[in-house]
Amino acid sequence: MSAYRHIKIPSSGEKITVRDGRLHVPDQAIVGYVEGDGIGPDITRACLRIWDAAVEKAYGGKRKIHWCETYLGEKAAGLYDGNYCPDETLKALAELVVSIKGPLTTPVGGGFRSLNVALRQDLDLYACVRPVRHYAGVPSPLKNPGKVDVVIFRENTEDVYAGIEYKTGTPENEKIARFLREEMKAKFFEGAGLGIKPISEFGSKRLVRKAIQYAIDNGRESVTLVHKGNIMKFTEGAFRNWGYEVARDEFGSVTITEEQLYGEYKGKQPEGKIVIKDRIADIMFQMMLLRPEEFDVLATMNLNGDYLSDAIAAEVGGVGIAPGANIADHVAVFEATHGTAPKYANLNKVNPGSLLFSGVMMLEYMGWKEAADLITLVYPEVVSDGIVTYDFARQIDGATEVGTSQFADALIERIHGGVDLEAKRKAQQAQLVKERKQREIRRLLQPLEEMVDTGRVPTTVGDLMTRSLITVSDGETVESAMHVMTDNDISSVVVEPDAKGEWGILTRRDIVTRIVHAGKNPATTRVRDICSRPVTSVPAEMSIREAAAMISDTHFSRLTVAQGDKIIGIVTETDIFNAVDKFAWTAE
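Right, let's talk about the overall build of the chain for a bit. Tallying secondary structure elements over the chain gives 22 helices and 24 strands in all. The principal-axis extent of the C-alpha atoms belonging to the chain is close to 95 × 65 × 50 Å. Looking at the chain as a whole, 50% of its 588 residues are labelled buried. Of the roughly 27800 Å² of accessible surface on the chain, a fraction of 51% belongs to carbon and sulfur atoms. The centroid of the 71 positive side-chain charges in the chain is displaced by 1 Å from the centroid of its 83 negative side-chain charges.

What follows is the structure, given as structure tokens:
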């Protein structure tokens, strides 16, 4: 007897499973789908045919998707006594692991959660993944839209979207306001609506972890943490810091920071290494217009991700062709990112691009990349031939406007017509290697200009510190230490820990005041006799402003940067001066 009331699991296929923490996809895979509301049935019918054709062509019948219809939205309400989000659908989506859905309508009126929000919360789909790239022939407002090719990882469960809000005038609002004013000494206007912005270490790290793993699995160059940590230090700033921690602690063998790229590697990215960097959110919007090719994978919080994903999609054709997915550790629900457009329902009129490319994402997630590539390679050919739906036909001179199903027919005909998949892949890879080499040459020849032009603005001690530490031992002579300074053209050296485990520092000023002025012989005086100890150490995440205050208060000209008991770098007042001079300085 079926465990479901209306859902029928195909008997001809095999379920996708998770084994040893990895997805196991059989050749005869069962995949769930939801038609969706409004235009959902039109675009779903068209896309099912395209996906099936691509799988058939790519694998010659050895692989096949066995589709299992599940129900949400208006169709579900008709089957489940008015329930738009039945429990058995949630159970089925979790059991099937991989599924895809059309757009859904949340019913008007109190008591109804957004269906999309319900899915994310009930299945813990914490990562909203939105690839954004341009396809040749698609209308775009940019001069060179082909430079846009990013994948956005948006945290789905926290931030101001967590729904922790208190309406003005309610007892709950007054209670929170009173606590904030009386206990926390906060100041804000009377009658303010209040909301909470939770950003946790757990939620941040699992999102960044998934973004980095995606970059590794897909040969991406970098992961950029997008935040507003210069203002919201303990939420968005914490997200940034936790992101770097994940990279360092869990992916240290395959990642480097942007500071290491420029400092240790002089702009030349080591083979097999992914660069972890961060950008302030408002700068990121600008960079995606001016230098989009510099960015590969973006990891950010809920609100930033919402804005960024739609804004960047507008650069390459709009949300009408923007794909997306909501993914847990393994369970994944791929989706059209646009609305239901009810006025076009059942008219066979709209562009199926968003759902189509969400299906491409799904095929890639399943490891069926050959089928996915067939679609992405023939799509621009069909569009470039002028065969498009009404939304593109309005923007392309001489285009042939076709309906949804006819557009699907054109894609399927091109898929069956034969595509030299390997040749096209090689051409794409060659172009990718060429573009990466060009960026590397710019970094090597003009590192400072590249940092400025790509939006890198130092905000913490870690951004400025010198990581290549040059050390001397306690027992060395001062004369020997002087030679080390001269040979390396540096003004100080770090002194290795003494018997108490305390680090020290020896500067040129120490030699002038404690050797020359004191009348001592540098050839016989030991470093331990004149070095400063213990040193003043700060964490790498300390802000530049806080470091400047410490230098001012202690009258030291340099600070060591520590990670636990280990010294990992040094920052000087000269470093801070140069940062202000090169990057400008604005008050917070």
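In this section: the pattern of salt bridges. Counted by the stated rule, this structure contains 44 salt bridges. In this structure, the salt-bridge partner of R130 is D310, at a minimum N-O distance of 3.1 Å. In this pair, R130 is assigned in strand β7 (residues 127-133) and D310 in helix α10 (residues 302-315), connecting sequence segments 180 residues apart. A relative accessible area of 35% means that D310 is categorised as partly exposed. Between D385 and R414 there is a salt bridge, and its shortest N-O distance comes to 2.5 Å. One end of the pair, D385, is in the loop between α12 (369-384) and β17 (387-388); the other, R414, is in helix α14 (residues 404-416), with 29 residues separating them in the sequence. Accessibility expressed as a relative area gives 47% for D385, which makes it partly exposed. In this structure, a network of salt bridges that share partners links the residues D149, R220, E221, D296, R436 and R439.

Contact pair α12 / α14: the axes reach a minimum separation of 9 Å and the direction vectors enclose 120°. For the pair α12 and α14, the sense of crossing is right-handed. Residues L374, I375, V378, Y379, E381, V382 and V383 of α12 form the contact with α14, whose participating residues are F407, A410, L411, R414 and I415.

Below, the discussion takes up unusual backbone geometry. Note that the residue after R533, namely P534, is joined by a cis bond; omega there is -5°. Within the secondary structure layout, P534 lies in the loop between α20 (527-530) and β22 (537-539). The backbone of V97 shows a phi angle near 75°, a positive value even though the residue is not glycine. The phi angle at D159 is positive, at roughly 70°, despite the residue not being glycine. Relative to the elements of secondary structure, D159 occurs in the loop between β8 (149-155) and β9 (165-166). A residue is classified by how much of its surface remains accessible, and D159, at 0% relative accessible area, is buried.

A few words on the side chain of E258. Here E258 is to be found in helix α8 (residues 258-263). If sequence neighbours within four positions are ignored, E258 has contacts with V275, I276, K277, R279 and R456.

Formed by 88 residues in total, the largest nonpolar core has its most connected members in M366 and Y379. Among residues more than four places away in sequence, those in contact with M366 are I16, V25, A29, V31, I65 and V98. Core analysis: the next-biggest nonpolar cluster, separate from the first, contains 15 residues, V132, V150, I152 and V226 among them.

What counts and what doesn't
- Residues numbered from 1 in each chain as written.
- Predicted model: local features only at pLDDT ≥ 70, side-chain atom pairs only at ≥ 80, totals over all residues.
- Heavy atoms only, no water.
- Helix = DSSP H or I, 4+ residues; strand = E, 2+ residues; numbered from the N terminus.
- Buried < 20%, exposed > 50% of the residue type's maximum accessible area, 1.4 Å probe, protein only.
- Areas by Shrake-Rupley, 256 points an atom, 1.4 Å probe, with all protein chains shown as cover.
- Lys, Arg positive; Asp, Glu negative; His and termini not counted.
- Charge placed at Lys NZ, Arg CZ, Asp CG, Glu CD.
- Salt bridge = Lys/Arg side-chain N within 4 Å of Asp/Glu carboxyl O.
- Axes fitted to C-alpha atoms, helices over the stretch in contact; angles between N-to-C directions.
- Left-handed = near helix turned anticlockwise from the far one by under 90°.
- Contact = heavy atoms within 4.5 Å.
- Core = buried A, V, L, I, M, F, W, Y, C linked by side-chain atoms within 4.5 Å.

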